[in-house]
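# A look at the structure
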Amino acid sequence: MSSLGENSRDLTRGQLLVRGVVGTGALAAGGILVAGLPKLAVSRPSREQDDRVLEWLLQVEYLQEAFYTDADRRGALDGELREFASLVAEQERAHVAELEEALGANKSSKRPDFDFGDATTNRDEFIPAAVELEEIAVSAFNGKVPNLTKPRVLTAMKIVSVEARHVGWARDLAGRNPAPQPADSPATQDQTEAAMKNTGFME
Amino acid sequence: MRHTRRTGLGAAFALAGLLIVAAVAVVIAGASSGPSAAEPVLPASPRSALAPENVPLGPRPAAYWAPVLAATAAHQEPAGQAVVADVPARTPEGTTNIVLVLGEAERRAGELWVRARVPGEPDDVRGWMPRSALGGYTPVHARLVIDRKRLTATLWRNGRRVFRAVVGIGAPATPTPSGHFYVRNQLHRYRRPFYGPVAFGTSARSAEASDWPAGGFVGIHGTDRPDLIPGRVSAGCIRMTNRDILRLARLMPVGTPVRVE
Amino acid sequence: MSDLTLDAVDRSGAIAEAFDELTGGTRADFFRKAVIGGAALTAALETPAAAQPRNTAKDVAILQFDLGLEYLQAAMYSEAERLGEVSPKTLEWSRVVGANERGHVEAIRGLLGRDAVKSPSFNFRGVTEDDRVFTETAVAFEDLTAALLKTQAVQVDSRRVLTALASLHSVEARHAAWIRHIAGIVPAADAFDQPTSKARVVKLVDSTNFVTSAPRTRGRRQPGYTG
């Protein structure tokens, strides 16, 4: 049937099957498959999968936590922006702590390094960056919530709710419509990664 | 952050179709541009049935109506003396009277007055009423257009045509009035084949029937003489076949504005 | 490009199995034969709403309750916009959020199909005419809706419905932060937002007295129209 190398233990039965039989090569898009072919949605929620998803969401939170903590520490913002950065930093730290605790000994990744340049000190760069990061978080979480087991669904919803508040607040501060669409899109893993790279903050 | 938009199929995707895409699309192995090979592949994110492209912004209502809670009058000015029309609490059919509420409100001596459209001559009149005389506002998204030349009734909903039928209108001696009106009520389960299975009352009055016992209001209803449709045959009412009036009844709520051209 | 059929690929039935779970098994047979990436599949994906999988009784109840709440919010914010008596910022909020909530009404009605319930009638008793009272009430409703959706996310049977609720939930949280900001309250009071029960929502709605008996706009009398 299939002869797979690495990670076969991590893939679901369906994914194993597909990789083995189909082999490599891309399908021409029939207008259905977006660039960067979507991954097969055959996996059922499981504790083990929860850990992988939470690990991934933790990466998103690390970026935010570092951004706001840096802005808070550097102390170059003033007025409501300073309050915003300080409060959100505290809340993102709590999110990180919650996800690390949920993962416990299963946590494998470490905090990456980031370079925020002037985005954490210059108010004209800070606000758009905050909007960008929060939008990434909201769509990343919405993308993964349905894959989690029920207890973790609740944990994720409690966090994404606050990320959405952050984005509403930041967008209002930016003079933009806080809720431009009636429904928020879930992002795929690839979309989130691309968006994170696009921030220019990843090293 | 820009989200990748679905290509090719756009709004044709129905809700189930979205999940089917996620379920059926096959991953082809090959280096992903994402995580390194050492990191496990995550489960795919199911597409949301309510992704933004499938949840259009709630349409701007065509009109708002409000029930009349207590008999009142529409005045020329907020809190003014001059009355443009009486506004009873009930219609001649015994239903709750309703008015179309416009987008204007003013406070006078602590009381809020709102501008509304009510039955008048030759068509709806506008006047100011105390807000407290009206209930909550209900939006309607449909509007009906009666074309007296072409003898058609067309219902538009959110800018799309959703219904069209040929109609019988007032005979030359008893014409259907032209102008802006609205649907005030809907009658059913009566037994008068003359009016078909369903009848709508409008704010339009036939000038020739102003001393009519029931007020001389123009209705939109079915008929036991479909052979006369299309035609100029009625005492002012807008008639359509029974099949058409039943279709219309599924699509047109009370409060729908009616324009007779 | 080689033509692959799902059948050929899905030797153990794992894909079809998961697919059935996601879609209630209504289209499994079709897709076994459909060519992946081909026109047939494309056409098949344009599924009419009638073909979407049936909701479980529990999911119907959850969605119907949500729909009621969305009707209320849509009506309240639309009326505030129509009256125009609130402050300019609140008016702008009512315009945008009213449109979103009207969109939510349509969306949830779409998910429910035949099981969609009609809107209740409302009387907002002056709340839509006073800026302070309106903003306080809007804050309460937005916070509570976001909280309710968390509880429901855990309760729903279908992952499809869960995904849909999640995409509405974050928008309600945006609304909440925005109206709080307008009202001068902190947009995000806690690091974690808590879920709430349906009972608490019912209690809030009851306490407002917004829901009224419907005006009788239908009758059974003989029509007395001119004819």
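Residues numbered from 1 in each chain as written. Chains lettered and ligands numbered in written order. Predicted model: local features only at pLDDT ≥ 70, side-chain atom pairs only at ≥ 80, totals over all residues.

Looking at soluble globular proteins, one finds that nonpolar side chains tend to be buried together. One finds Leu57 and Phe141 of chain A, Val99, Val101 and Met129 of chain B together with Leu165 of chain C to be the most contacted residues of the largest nonpolar core, which totals 149 residues. For phenylalanine 141 of chain A, the residues in contact, after removing those within four places along its chain, are Leu57, Ala156, Ile159, Val160 and Glu163 of chain A. (Core = buried A, V, L, I, M, F, W, Y, C linked by C-beta atoms within 7 Å. Buried ≥ 20, exposed ≤ 12 C-beta atoms within 10 Å, placed from the backbone. Contact = placed C-beta atoms within 7 Å.)

Below, the discussion takes up helix α5 (residues 150-173) of chain A. All names here are of chain A. Given a rise of 1.5 Å per residue, 24 residues ought to cover 34 Å, and the 35 Å separating the end C-alpha atoms of α5 matches this to within 8%. With 20 of 24 residues buried, α5 is to be regarded as a mostly interior element. Positive phi appears at glycine 175, one or two residues downstream of α5, with a value of about 75°. (Helix = DSSP H or I, 4+ residues; strand = E, 2+ residues; numbered from the N terminus. Expected span 1.5 Å × (residues − 1).)

Here chain A averages 82 in pLDDT, while 79% of its residues score no lower than 70. The model gives residues 1-42 of chain A a pLDDT under 50, and that stretch makes 105 contacts with residues more than four places away or in other chains. (pLDDT = per-residue confidence, 0-100.)

On to unusual backbone geometry. Trans is the common state for peptide bonds, and a negative phi is the common state for residues other than glycine. In the segment running from glutamate 121 of chain B into proline 122 of chain B, the intervening peptide bond is cis, with an omega of -5°. Note that proline 122 of chain B resides in the loop between β5 (111-118) and β6 (125-130). Isoleucine 229 of chain B connects to proline 230 of chain B through a cis peptide bond whose omega is 0°. Mapped onto the fold, proline 230 of chain B is located in the loop between β14 (217-221) and β15 (231-234). For leucine 151 of chain B, which is not glycine, the phi dihedral falls at a positive 60°. Summarising the element assignment, leucine 151 of chain B is placed in the loop between β8 (142-147) and β9 (152-157). Phi is positive for arginine 125 of chain C, close to 50°, though the residue is something other than glycine.

All names here are of chain C. For the pair helix α7 (residues 131-155) and helix α8 (residues 159-183), the least separation of the axes is 8 Å and the interaxial angle reads 155°. The orientation of α7 with respect to α8, classified from their angle, is roughly antiparallel. You can see that α7 and α8 cross each other, and the crossing is left-handed. Taken together, the residues that form the contact of α7 with α8 break down as 14 nonpolar, five polar and five charged. (Axes fitted to C-alpha atoms, helices over the stretch in contact; angles between N-to-C directions. Parallel < 35°, antiparallel > 145°, perpendicular 65-115°, else oblique. Left-handed = near helix turned anticlockwise from the far one by under 90°. Nonpolar A, V, L, I, M, F, W, Y, C, P; charged D, E, K, R; others polar.)

We now examine the pairing of strand β1 (residues 63-67) of chain B. Residues and elements named next belong to chain B. Summarising burial for β1: four of the five residues are buried, a large majority. Looking at chain direction, β1 and strand β7 (residues 138-140) are connected through three bridges and run antiparallel. Looking at β7, one finds that alanine 63 is bridged to valine 140. Here three bridges tie β1 to strand β4 (residues 98-108), and the two strands are oriented antiparallel to one another. Pairing of proline 67 across the sheet is with isoleucine 98, part of β4. (Pairing = 2+ DSSP bridges.)

The subject of this paragraph is helix α2 (residues 242-251) of chain B. Buried within α2 of chain B we find Asp244, Ile245 and Leu248 of chain B. The arc that holds the buried residues of α2 of chain B, viewed along the axis, is 95°, so those residues lie on one side. (Arc of directions from axis to C-beta.)

This brings us to the environment of proline 223 of chain C. Structurally, proline 223 of chain C is set in the segment after β3 (218-219). On the basis of neighbour counts, which here come to 26 C-beta atoms within 10 Å, the residue proline 223 of chain C falls in the buried class. A C-alpha to C-alpha distance of 49 Å links proline 223 of chain C and threonine 163 of chain C, two positions 60 residues apart in sequence. If sequence neighbours within four positions are ignored, proline 223 of chain C has contacts with Leu187, Tyr190, Arg192, Tyr195, Ala199, Gly219 and His221 of chain B.

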